[in-house]
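Structural characterization, general
Each chain is listed here by its residues.
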Amino acid sequence: MLKAIIVGGGISGLLSAYHLLHSGASVVVYERRVTRTPHRHCTGIVSKETLERIPFASKHTLQKYNSIFFYINGYTPFLELYSSSYFAYRINRVEHEEKLQEVLLSKGVDIRFGHEVISLVKKQSGWVATIRDWLRKDLYRDEPFNFAVIAEGFSGRIAKRVGCDSTSIPLIGLQKDYKIKGLIDEHALYIYINPTVLGLGFAWLAPIDTHKATIGVATSLSVSPARVLEQHVTKFFQRSLRAFILGEESQLYGGIVLMGYPQKVIGVDAVCLGDAVSMVKSVSGGGLYAISYFSQMLPQVALQYDNATMNRMAKLLNQLKRQYYLKVLLWQGINNFSFMLSKVIRWRTIRIRLRSNSYFDEHEKILPGFIFETLKNMLKGKLH
Ligand SMILES: Cc1cc2nc3c(=O)[nH]c(=O)nc-3n(C[C@H](O)[C@H](O)[C@H](O)COP(=O)(O)OP(=O)(O)OC[C@H]3O[C@@H](n4cnc5c(N)ncnc54)[C@H](O)[C@@H]3O)c2cc1C
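Residues numbered from 1 in each chain as written. Predicted model: local features only at pLDDT ≥ 70, side-chain atom pairs only at ≥ 80, totals over all residues. Heavy atoms only, no water.

**A few points about the pattern of salt bridges**
Using the following cut-off: One side-chain nitrogen of Lys or Arg within 4 Å of one carboxyl oxygen of Asp or Glu is enough to make a salt bridge. By definition, any uninterrupted DSSP run of H or I lasting at least four residues is a helix, any uninterrupted run of E lasting at least two residues is a strand, and each is numbered from the N terminus. Per-residue accessibility, obtained with a 1.4 Å probe over protein chains only, is compared with the maximum for each type, and a residue is labelled buried under 20%, exposed over 50%, and partly exposed between these values.
Overall, the coordinates contain 17 salt bridges when judged by the stated rule. Between Glu-102 and Lys-99 there is a salt bridge, and its shortest N-O distance comes to 3.9 Å. One end of the pair, Glu-102, and the other, Lys-99, are both in helix H3 (residues 93–106), 3 residues apart, so they sit about a helical turn from each other. Given the relative accessible area of 26%, Lys-99 is considered partly exposed. One continuous salt-bridge network, built from bridges that share partners, spans Asp-110, Arg-112 and Asp-142.

**Considering the pairing of strand E14 (residues 188–193)**
To be explicit about the condition: Two strands make a pair as long as DSSP finds a minimum of two bridges between them.
Burial runs high along E14: 6 of the 6 residues are buried. Bridge analysis of strand E5 (residues 67–72) against E14 gives 6 bridges, and the strand direction is parallel. Looking across to E14, one finds that Tyr-71 is bridged to Tyr-192. Where E14 and strand E15 (residues 202–209) come together, 3 bridges link them in antiparallel fashion. In the sheet register, Tyr-192 faces E15, and the bridge partner there is Ala-203.

**Details of the packing of helix H1 (residues 11–22) against helix H7 (residues 288–303)**
As a reminder, the rule being used: Note on geometry: axes are C-alpha line fits, over the in-contact stretch for helices, and angles between N-to-C directions span 0 to 180 degrees. Left-handed describes a crossing whose near helix is turned anticlockwise from the far helix by less than a right angle; the clockwise case is right-handed. Any two residues whose heavy atoms approach within 4.5 Å are treated as being in contact. Any residue outside Ala, Val, Leu, Ile, Met, Phe, Trp, Tyr, Cys, Pro, Asp, Glu, Lys and Arg is labelled polar, Gly included; the first ten of those are nonpolar and the last four are charged.
Relative orientation of the contacting elements H1 and H7 amounts to 35 degrees, with a least axis distance of 9 Å. Once H1 is placed against H7, the crossing between them reads as right-handed. Across from Ile-11, Ser-12, Leu-15, Ser-16, His-19 and Leu-20 in H1, the residues of H7 making contact are Leu-288, Ile-291, Ser-292, Ser-295, Gln-296, Leu-298, Pro-299 and Ala-302. Of the residues assigned to the contact of H1 with H7, the class counts are 8 nonpolar, 6 polar and no charged.

**With respect to the nonpolar core**
Put simply, the test is: By nonpolar core we mean a set of buried residues, namely Ala, Val, Leu, Ile, Met, Phe, Trp, Tyr and Cys, connected to one another through side-chain atoms within 4.5 Å.
Grouped together as the largest cluster of nonpolar side chains are 68 residues, with contacts concentrated most on Leu-20, Leu-120, Ile-150, Val-162 and Met-279. Per-element accounting of this core gives the leading share, 9 residues, to H7. With near-sequence residues (within four places) excluded, Leu-20 lies in contact with Leu-2, Ala-4, Ile-6, Ala-25, Val-27, Val-149, Leu-298, Pro-299 and Ala-302. Counting 27 residues, the second largest nonpolar core, distinct from the first, contains Ile-72, Trp-204, Ala-218 and Trp-331.

**Comments concerning the site of the ligand**
Test applied: Only a single heavy atom is needed: when it lies within 4 Å of a molecule or strand, its residue is near that molecule or strand. Polar contact is defined as a pair of N or O atoms within 3.5 Å, subject to the rule that within protein one atom must be able to donate a hydrogen and the other to accept it, and that residues adjacent in sequence are counted only when both atoms are side-chain atoms. Using a 1.4 Å probe, the Shrake-Rupley method yields the accessible areas, and only the shown protein chains count as cover for residues.
Near the ligand you find 35 residues, and of these Ser-12, Glu-31, Ile-45, Arg-93 and Asp-275 are the closest. A distance of 3.2 Å separates an oxygen atom of the ligand from a polar atom in the backbone of Ile-11. Interatomic distance of 2.9 Å between a backbone N/O atom of Ile-45 and an oxygen atom of the ligand. About the coverage of the ligand: the protein hides 90% of its 1,000 Å² of free accessible area. Looking at the shell around the ligand, the elements that each hand over two or more residues are H1, strand E2 (26–31), strand E9 (115–123), strand E18 (253–264) and H7. By residue number, the principal contributor to the shell around the ligand is E18, which donates 4 residues.

**Describing a nonpolar patch on the surface**
For the record, the criterion: The patches reported here contain residues having more than 30% relative accessible area and no salt bridge. Joining distances are 9 Å for like charges and 5 Å for nonpolar side chains (Val, Leu, Ile, Met, Phe, Trp, Tyr).
A cluster of nonpolar side chains, namely Ile-371, Leu-375, Met-378 and Leu-379, defines an oily patch on the protein surface of about 410 Å² accessible area. A residue is classified by how much of its surface remains accessible, and Met-378, at 31% relative accessible area, is partly exposed.

Spelled out as structure tokens, the structure:
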């Protein structure tokens, strides 16, 4: 029988435990956080398909969206993506992780909070872990496991030790919930891109309802993200959406928003997933799409390597790599040309109807439509 150690009890570790358990494996999850309450860091926006792939997520939705407005260095939207149906959902990540923990614990999964994996070494008998117990303040060794799942989140220290590898650019992401009065459409997402102020990052306004929204920022520049949020981003959204911030509804929360892609996710009797190997959609920093997909494949990867699973996995990893390069190209393009273009062309918002709701995850598929609509705008004689 497969006996797996899971390093990290965030969303990647919990979903891995869930799927391995259902395939009959025995799992032990080590989570360094002392409390059971999950760390609040993520906005929780996912596509409809991702929502449906994550067990219990649909029970924890906060809002749904059918359009996204992109602002590039200006107060009128540059691009609107829309659909007649809802294609993105926001989930309460803390409540959802608590639900997953509850289900796993009720099925007898051993989740050890306050236990940090210090090292993981492959012996002939299997993986032997050295654990620091933060509650009892001691170190101990755990019995050999025949499979290891590394879901430790960003830094990927243990992931590298078991032979996994990735390319990552960490951005600092911070957000806050605000009480708002204004013209915001509660079913629209608002994204603001300005490489001069935010570098490779971006800012977002994600409504919770018509009077409440989360405003956040992710930046690659060495500036204080909290200051950029307060002094630039909130002002930007107030002006562009003609909204007023009436008060704060939360403290600042956030963490590392990654750009990158996994290079190697399978070691000998080990698999790495999630932020540990930059398993993210680089354009948005969203991790849940690939985590939900990859964790479903884990039992096949761990128990029997079949060609169909390996092909699906390779397809996903290639997609993430393409999205990384797309992001780098897009941001370079915006950085170099948006100011020039705004001087030459009187932009009207480019509106693109999503041909499939899955394009929310498959960003690269929007590109041809975007180029076509941009050229159409230019040829329609909007030159000064
Ligand atoms: C501001 C912000 C907004 C975001 N918004 C979105 C969004 O809207 N949509 C989306 O899809 N994604 C979003 N993301 C990204 C998403 O949150 C991450 O991709 C996802 O949470 C990664 O999950 P993970 O389980 O891989 O890592 P983590 O959530 O970091 O979990 C790793 C866990 O491992 C534990 N751990 C680490 N080392 C050890 C060790 N040695 N031993 C034991 N335990 C260990 C940690 O304590 C932690 O609990 C956002 C991220 C941020 C910061």
